[in-house]
Amino acid sequence: QVQLVESGGGMVQAGDSLRLSCAASGRTVSSYAMGWFRQAPGKEREFVASINFSGSNPYHADSVKGRFTISRDNAKNTVYLQMNSLKPEDTAVYYCAAGKWGVSTARAYDYWGQGTQVTVSS
């Protein structure tokens, strides 16, 4: 079993930056691919970014490419999402996830955190 806890969310102005963290406990997460997803009220959960076991092949959705950066520190059992140039449309609950494959489909991930709220005002 893997437990994931997100932190770092909050309310910011458009153009500001936030860094989300996902701390893992339980089974060692260094052997898992990790992903970030987000979900706004009334909308489907959407893929944001993923990273492989070693952190050598990060992948970002087109909507956030160039603004968001996923990274991981296996020694700290932590995954990060650096978010720059935030826009109101980035407002959502952000979730981290762990699974065997670092893909963009939510069903491919086995473990999920409870989420952290990010609100971006114009």
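Use the structure listed above.
Just so it is clear, the model here is predicted, and its values are computed rather than measured.

Rules used throughout
Residues numbered from 1 in each chain as written. Predicted model: local features only at pLDDT ≥ 70, side-chain atom pairs only at ≥ 80, totals over all residues. Heavy atoms only, no water. Disulfide = S-S within 2.5 Å. Helix = DSSP H or I, 4+ residues; strand = E, 2+ residues; numbered from the N terminus. Buried < 20%, exposed > 50% of the residue type's maximum accessible area, 1.4 Å probe, protein only. Pairing = 2+ DSSP bridges. Axes fitted to C-alpha atoms, helices over the stretch in contact; angles between N-to-C directions.

K.L.:
Tell me about the state of the cysteines, residues and numbers included.
P.N.:
For the structure on display, the rule yields one disulfide. The disulfide partner of Cys22 is Cys96, and the gap between their sulfur atoms is 2.0 Å. With the S-S dihedral at roughly 55 degrees, the linkage between Cys22 and Cys96 falls on the right-handed side. Here Cys22 is found in strand E3 (residues 18–26), whereas its partner Cys96 is found in strand E9 (residues 92–99), with 74 residues between them in sequence. Of the two residues, Cys22 and Cys96, neither departs from the other in class, the shared state being buried.

K.L.:
Go over the sheet that holds strand E1 (residues 2–7) with me, naming the residues and quoting the values.
P.N.:
Backbone-to-backbone hydrogen bonds pair the strands of a sheet. The strands run either parallel or antiparallel. Judged by pairing direction, the sheet is antiparallel, and its four strands sit side by side in the order E1-E3-E8-E7 without closing on themselves. If you trace the sheet from one side to the other, it starts and ends with E1 and strand E7 (68–73), each paired once. Within the sheet, the average angular offset between the axes of one strand and its neighbour, ignoring direction, is 15 degrees. Where E1 meets E3, six bridges bridge the pair, whose relative direction is antiparallel. Within E3, the residue paired with Val2 across the bridge is Gly26.

Remember that the coordinates give geometry; whether it matters functionally is a separate question.
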